[in-house]
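Analysis of the macromolecular model
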Amino acid sequence: MSNGVEGNEERRRAADAAGPEPQGVPEPRPGGPDAAAEPEPATLVKAGTADRTEAGAGAKADEAPTGHPDAAAPDASGTPADAPPDSPNAPDAPETPDAESDGIRYERLPDAPPPILDGVRAKPPAPPGLATLVAAAATAVLSGLLLGDGLAVNALILALPLAAAAWFAARQAGRRPRRSSLCWGAGGLALLAVPVWSDAEWPTLLAVLAAAGLGALALHGSRKWSGVLLAPLGLVLVVRRALVWGWRGVRERTAGGGKDLGPMLRSVLVAVVLLVVFGGLFAAADQAFADLLGSLVPDVDGGSGVPWRLFLAVLGTATALAVAHTAAAPTRWDGLGPGPGRARGRVEWALPLVLLDLLFAAFVAVQAAVLLRGEDVVRSSNGLTYSEYAREGFWQLLFATVLTLAVISVAVRVAPRSGPRDQLLVRAVLGTLCLLTLVVVASAVRRMDLYMGEYGLTRLRLSVVAMELWLGVVVLLILAAGVFGARLLPRAVLASAAVAVLAFGLASPDKLIAESNLDAHRDGRTLDLAYLSGLSADAVPALDRLDEPLRSCALRSIAVPGAPWYASSLSQARAHEILTARPVRNHPCRDILTDDIHPSVR
């Protein structure tokens, strides 16, 4: 803009030096009389903070001094248009748009980062085939019919069409299962034996969740920590896309073609109508056939209700499609794993861990006296009983074990790794910490054993002891990984957890609790009958050995419902036989259940 103003000033000074032009003589325009008329100046638009361009640069300067016919007229404010730029009344210089723009300059925003899962998700698979859709439909029907009455054999039954849907979808996508995936799938089916065997809800729920985790790992084929931990989440995140994927498959199959689904759907509908009509007629004609049919076919109008069963059918459909979609195009969760941390120097890395090793060693030295010499040391040192000593320290030792595992995981990521000497340092420091942690685990288990010997087993006490023992197994696996390599450590830890859950469920914890408390009662300990009466049907064989009226008071509160065959565990069947052979008597039990029973009370 400054060049245009300077040009105007020079032309004005040249005009003053040449003298005034004759009045009435118009200034000729370039191009002659036939030249095209000069276009009107374009409307100027401010383009934000863009560079300001020159108005009228390159155009003919036709300004004249004051009095010239073509002299610039003053604007509405009274300021001449050709006022010098230094004048306080000079108008603002007009701004022109960029020559290559449309009048408005836009600043380009940075591109949004891609979603975090774009790098690990597989390409969308082709619509599901007929076999996959049939397996998903079977899962939906069985879910609506069998899941409304509880979990037992029906969980194992439902696993079969789910596995079939995954198998067919993977074969259609050209994927072959690995041996590891087959092993994880077999482990998941084995865990479903827990609800078949046991009636207690807490080990059953734990086993079902563990089976779902192994199934997710079999579908994704993960090997690293990120894949092992995120594989179950993948089944939840894929549900929406799996439903759309399944609907596309249904639309393609019902639209005609070589594998048209329409005839099959019509055939199934006709078969259902025929079975319902003739089955109802035969059931009305013969009571024995009606009883047989009633034992085999679930009662849809029973206590669960039709809306609940419809919800279970929809849930089964979504689960089957999510499993099939994952089998056809699994998410590679291993790609999200964090890389190794920035390696630290030897002193920076080893000094905190060496001091921690010394602290653990001091604690172990103190615990050795308790583990070897027993009750006399505890009472002479602090005046506590064994039960008080165990109760005070177990939870702290449990948390110390968990924190130690966290410290080891962080230390491995930032450990020095420049050569063999660094590897030897890492193994020595972390190996010592793991060995001392095993002593801490043994001390915690010993403390809880003393406490349970005084007060008996409960669900919480048994669960935390099992948890502590499994943490000890994890420490042993970390020691093995330090010797043989950590490539198999994530899957080894998961396999150990699955084995622990399976063993815990098949051991029937409620039965162990009842038997332990009865044995302690025979040895002169008190009996918490109110707690024992709240156990599941697993405890019925043990409580059946009590004398009356304790037996009837303990068994009266244990619910053994007459569930259908597919929702009854073996433990429920055994309890039902016992209570049928020896029914519960009608004794007043309020005082018995609210007070601890001493051995003298029979």
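The shown structure was predicted, so the numbers you read here are calculated from the model rather than taken from an experiment.

1. As for the packing of helix α16 (residues 459–484) against helix α17 (residues 489–506)
Contact geometry of α16 with α17 gives a least axis separation of 10 Å together with a crossing angle of 155°. Compared by their axis directions, α16 and α17 come out roughly antiparallel. Every pair of crossing elements has a handedness; the one defined by α16 and α17 is right-handed. In contact with Leu462, Ser463, Ala466, Trp470, Val473, Val474, Leu477, Ile478 and Ala481 of α16, α17 contributes Leu489, Ala492, Val493, Ser496, Ala497, Ala500 and Phe504. For the contact of α16 with α17, a count of residues per class yields 14 nonpolar, two polar and no charged.

2. Focus: the confidence of the model for the protein chain
Low-confidence regions, as indicated by low pLDDT, have predicted coordinates that should not be scrutinised in detail. When the pLDDT values of the protein chain are averaged, the result is 76; 69% of them are 70 or greater. Throughout residues 21–81 the model reports pLDDT below 50, and contacts reaching past four residues in sequence, or to other chains, amount to 57 contacts.

3. Comments concerning the packing of aromatic side chains
Applying the stated criterion to the full structure yields three aromatic pairs. Aromatic side chains Trp202 and Phe504 sit 5.4 Å apart centroid to centroid with 75° between the ring planes, which places their arrangement in the edge-to-face category. Residue Trp202 is found in helix α6 (residues 201–220), and its partner Phe504 is found in helix α17; the two are separated by 302 residues along the sequence. Measuring from centroid to centroid gives 5.5 Å for Trp565 and Tyr566, while their planes differ by 85°, and the two rings are edge-to-face. Given the relative accessible area of 44%, Trp565 is considered partly exposed.

4. Comments concerning the environment of Gly316
Within the element layout of this structure, Gly316 appears in helix α11 (residues 306–328). Look at Gly316 and you get buried, because its relative accessible area is 6%. Residues Gly316 and Ala136 lie 180 residues apart in sequence; the distance between their C-alpha atoms is 7.8 Å.

5. Observations concerning the layout of surface pockets
Counted as a void, the second largest pocket has a volume near 1,600 Å³. Along the wall of the second largest pocket there are 49 residues; nearest its centre are Leu162, Ala211, Ala212, Thr319 and Val323. Of all the secondary-structure elements, those providing two or more residues to the lining of the second largest pocket are α2 (130–146), α3 (153–172), α4 (179–191), α6, α7 (225–237) and α11. A per-class count over the lining of the second largest pocket returns 35 nonpolar, 10 polar and four charged.

6. Quick word on the nonpolar core
Core analysis: the biggest nonpolar cluster contains 49 residues, and Met448, Leu529, Leu543 and Leu546 have the highest contact counts within it. Here Leu543 is in contact with Ala514, Leu518, Leu532, Arg551, Ala554, Leu555 and Ile558, once residues within four sequence places are set aside. Grouped together as the second largest cluster of nonpolar side chains are 15 residues, Leu192, Ala211, Leu214 and Val501 included.

7. Topic: the environment of Leu398
Along the polypeptide, Leu398 turns up in helix α14 (residues 386–413). For Leu398, a relative accessible area of 8% puts it in the buried group.

8. Here's the deal with the side chain of Arg551
Along the chain, Arg551 turns up in helix α21 (residues 550–556). Looking at Arg551, the relative accessible area reads 0%, which means it is buried. Apart from residues lying up to four places away in sequence, Arg551 is in contact with Leu543, Asp544, Leu546, Ile578, Leu579, Arg582, Pro583 and Val584.

9. A look at unusual backbone geometry
Between Glu548 and the following residue, Pro549, the backbone shows a cis peptide bond with an omega angle of 5°. Mapped onto the elements, Pro549 comes out in the loop between α20 (540–543) and α21. In this model, Ser508 sits at a positive phi of 55°, which is unusual for a non-glycine residue. For Ser508, the position within the fold is in the loop between α17 and α18 (509–522).

What counts and how
- Residues numbered from 1 in each chain as written.
- Predicted model: local features only at pLDDT ≥ 70, side-chain atom pairs only at ≥ 80, totals over all residues.
- Heavy atoms only, no water.
- Axes fitted to C-alpha atoms, helices over the stretch in contact; angles between N-to-C directions.
- Helix = DSSP H or I, 4+ residues; strand = E, 2+ residues; numbered from the N terminus.
- Parallel < 35°, antiparallel > 145°, perpendicular 65-115°, else oblique.
- Left-handed = near helix turned anticlockwise from the far one by under 90°.
- Contact = heavy atoms within 4.5 Å.
- Nonpolar A, V, L, I, M, F, W, Y, C, P; charged D, E, K, R; others polar.
- pLDDT = per-residue confidence, 0-100.
- Phe/Tyr/Trp six-rings, centres within 6.5 Å; stacked < 30°, edge-to-face > 60°.
- Buried < 20%, exposed > 50% of the residue type's maximum accessible area, 1.4 Å probe, protein only.
- 1 Å grid on protein atoms, 1.4 Å probe; cavity = no way out; pocket = protein on both sides within 12 Å on 5 of 7 lines; lining within 4 Å.
- Points joined across faces, edges and corners; volume = space filled by probe spheres on them.
- Core = buried A, V, L, I, M, F, W, Y, C linked by side-chain atoms within 4.5 Å.

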